[in-house]
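Now for the letters of each chain:
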Amino acid sequence: MKPELREVDRKIWSEIGQIIPENIFDFHIHCIYEGGFTGRIPDPLKIYLPCDIEAVLDNMRTVLPERKTTGIITGWPAITADLLKQNDYISSSAARNNLFFLALTAPQMDARYLENIAKKRECVGFKPYKCFADFPEDARITDYITEKQIEIADHYGLIITIHLSKRAGISDPLNLEDLDRLSEKYRSVFWNLAHCGRSFIPDYIENAAVHLKRLMKRNIYLDTAAVTDNEVFTIVFSEFGPDRILYGSDIPVSFLRGRCVGFGYDWAFITEETHSITASFPVKPALLLYEQIKAMNKAFRKTGFKMPEIEKIFFRNSEKIIQKITKGKEHD
Ligand SMILES: [Zn+2]
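(A) Layout of the nonpolar core. If you look at the biggest cluster of nonpolar residues, it comprises 116 residues, and the most contacted ones within it are Phe-126, Leu-212 and Phe-314. In terms of residue count, the dominant contributor to this core is helix α11 (residues 288–303) (8 residues).

The structure is reproduced here in structure tokens:
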């Protein structure tokens, strides 16, 4: 898909452009390799195409003009994904474009394969996904990444980006219990909880804050990908400070037009591409990425974060992690 800037986007950019630093490290980018599925590409993914590395980089230049961008790419986990083909694709795409990548993993994946991919210079971690668990919506962390696989990440000091299962995301007691145990046992892993711990609405991060704050003294981080609620960010920034937050976009999801909306204790992504959005006046939805950064900006103001804190979130924290990982590999 090719995002084009409309009037509403330009208006938001005039507000957020001032706070977006010159350097950006995007911790959460997906590429969709069309040959990376058994059979045809799943229908819901078609709206994102083309989403190969060239399209992704081109689109990043459109939506973040005059910025130096880099980041971590990964594939698209799905039950019909051919993970080896996708990993080959993102590995070579990262190498060709000076980027880093997370290897997609599934519990049954061979340890030797993962060892070999972990040794690649551009490989900075693993991206397991709940869809590979027996009960994807009610899985514990070790149902979608085995301890043997976590051990490999720990040995190389890699990132594991976790998209938590269970309706209550990070506030689910079993998720907190798993995270507590695993982050204590595997201290060299950079645990990245995607989507602010899958807290698209404030309730979950609010309920988890006390417990999570204690855990965040360990090697745990939260990425901002596809969260569009300013209250979520306000809680995250004020509770955890600027050092453990990583800017991520969830490209290509962030190129949709719309946002994540809370309904009771649930949430849904409502976008022009997937829903008909009607009101008594014409609704002009903006790019989801701009909604995200607009929400972040509101939270920056509320929590008093200025450029030094904002730069940490947009690139300095990520750069530190990458430096540690690449240095660790040199010594291995
Ligand atoms: Zn994602």
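Moving on from the coordinates now.
(B) Up close: the packing of aromatic side chains. Scanning the model with the defined rule gives 14 aromatic pairs in all. Seen from their ring centres, Tyr-247 and Phe-314 are 4.8 Å apart, and the 25° between their planes marks the pair as stacked. Placement of the pair is Tyr-247 in the loop between β8 (245–246) and β9 (258–263) and Phe-314 in helix α12 (residues 307–331), with a sequence separation of 67 residues. Both residues of the pair, Tyr-247 and Phe-314, count as buried. Ring plane angle 85° and centroid distance 6.2 Å describe the contact between Trp-267 and Phe-269, whose orientation is recorded as edge-to-face. Given a relative accessible area of 23%, Phe-269 falls into the partly exposed group. A network of ring pairs unites the aromatic residues Phe-233, Phe-237, Phe-300 and Phe-305 as a single cluster. A cation over a ring is seen here: Arg-244 above Tyr-221, with NZ or CZ 4.8 Å from the ring centre.

(C) Highlighting helix α3 (residues 83–96). For α3, which comprises 14 residues, the first-to-last C-alpha distance of 20 Å matches the rise-based estimate of 20 Å (1.5 Å per residue) to within 8%. Of the surrounding secondary structure, the elements contacted by the buried residues of α3 are α2 (53–63), β2 (68–74), β3 (100–104) and α4 (111–118). Trailing α3 by a residue or two, Asn-98 shows a phi angle of about 60°, which is positive.

(D) Inspection of the packing of helix α1 (residues 7–16) against α11 at higher detail. Look at α1 against α11: their axes get within 10 Å of each other, and the N-to-C directions meet at 35°. For the pair α1 and α11, the crossing hand works out as left-handed. Taking contact as the criterion, the partners of Asp-9, Ile-12, Trp-13, Glu-15 and Ile-16 in α1 are, on α11, Tyr-290, Ile-293, Lys-294 and Asn-297. Taken together, the residues of the contact of α1 with α11 sort by class into 5 nonpolar, 1 polar and 3 charged.

(E) Expanded view of the coordination of the zinc ion. Those donors, His-28 (NE2), His-30 (NE2) and Asp-250 (OD), are the protein atoms that reach the zinc ion, and they lie 2.1 to 2.2 Å from it. Between consecutive donors of the zinc ion, the numbers of intervening residues give the motif H-x1-H-x219-D. In this pair, His-30 is assigned in strand β1 (residues 23–30) and Asp-250 in the loop between β8 and β9, connecting sequence segments 220 residues apart.

(F) Region of the structure containing the pattern of salt bridges. Tallied over the entire structure, the rule returns 22 salt bridges. Residues Glu-137 and Arg-198 are paired through a salt bridge, measuring 3.7 Å at the closest nitrogen-oxygen approach. In this pair, Glu-137 sits in the loop between β4 (123–127) and α5 (141–144) while Arg-198 sits in helix α8 (residues 194–198), placing the two residues 61 residues apart along the sequence. Taking relative accessible area as the criterion, Glu-137 reaches 48% and is therefore assigned partly exposed. Since its relative accessible area comes to 8%, Arg-198 is described here as buried. Where salt bridges share partners, they join Asp-180, Glu-184, Arg-187 and Arg-218 into one cluster.

Scoring rules and cut-offs
- Residues numbered from 1 in each chain as written.
- Predicted model: local features only at pLDDT ≥ 70, side-chain atom pairs only at ≥ 80, totals over all residues.
- Heavy atoms only, no water.
- Core = buried A, V, L, I, M, F, W, Y, C linked by side-chain atoms within 4.5 Å.
- Buried < 20%, exposed > 50% of the residue type's maximum accessible area, 1.4 Å probe, protein only.
- Helix = DSSP H or I, 4+ residues; strand = E, 2+ residues; numbered from the N terminus.
- Phe/Tyr/Trp six-rings, centres within 6.5 Å; stacked < 30°, edge-to-face > 60°.
- Lys NZ or Arg CZ within 6 Å of the ring centre and 35° of its normal.
- Expected span 1.5 Å × (residues − 1).
- Contact = heavy atoms within 4.5 Å.
- Axes fitted to C-alpha atoms, helices over the stretch in contact; angles between N-to-C directions.
- Left-handed = near helix turned anticlockwise from the far one by under 90°.
- Nonpolar A, V, L, I, M, F, W, Y, C, P; charged D, E, K, R; others polar.
- Donors = N, O, S within 2.8 Å, 3.2 Å for Na, K, Ca; no water.
- Salt bridge = Lys/Arg side-chain N within 4 Å of Asp/Glu carboxyl O.

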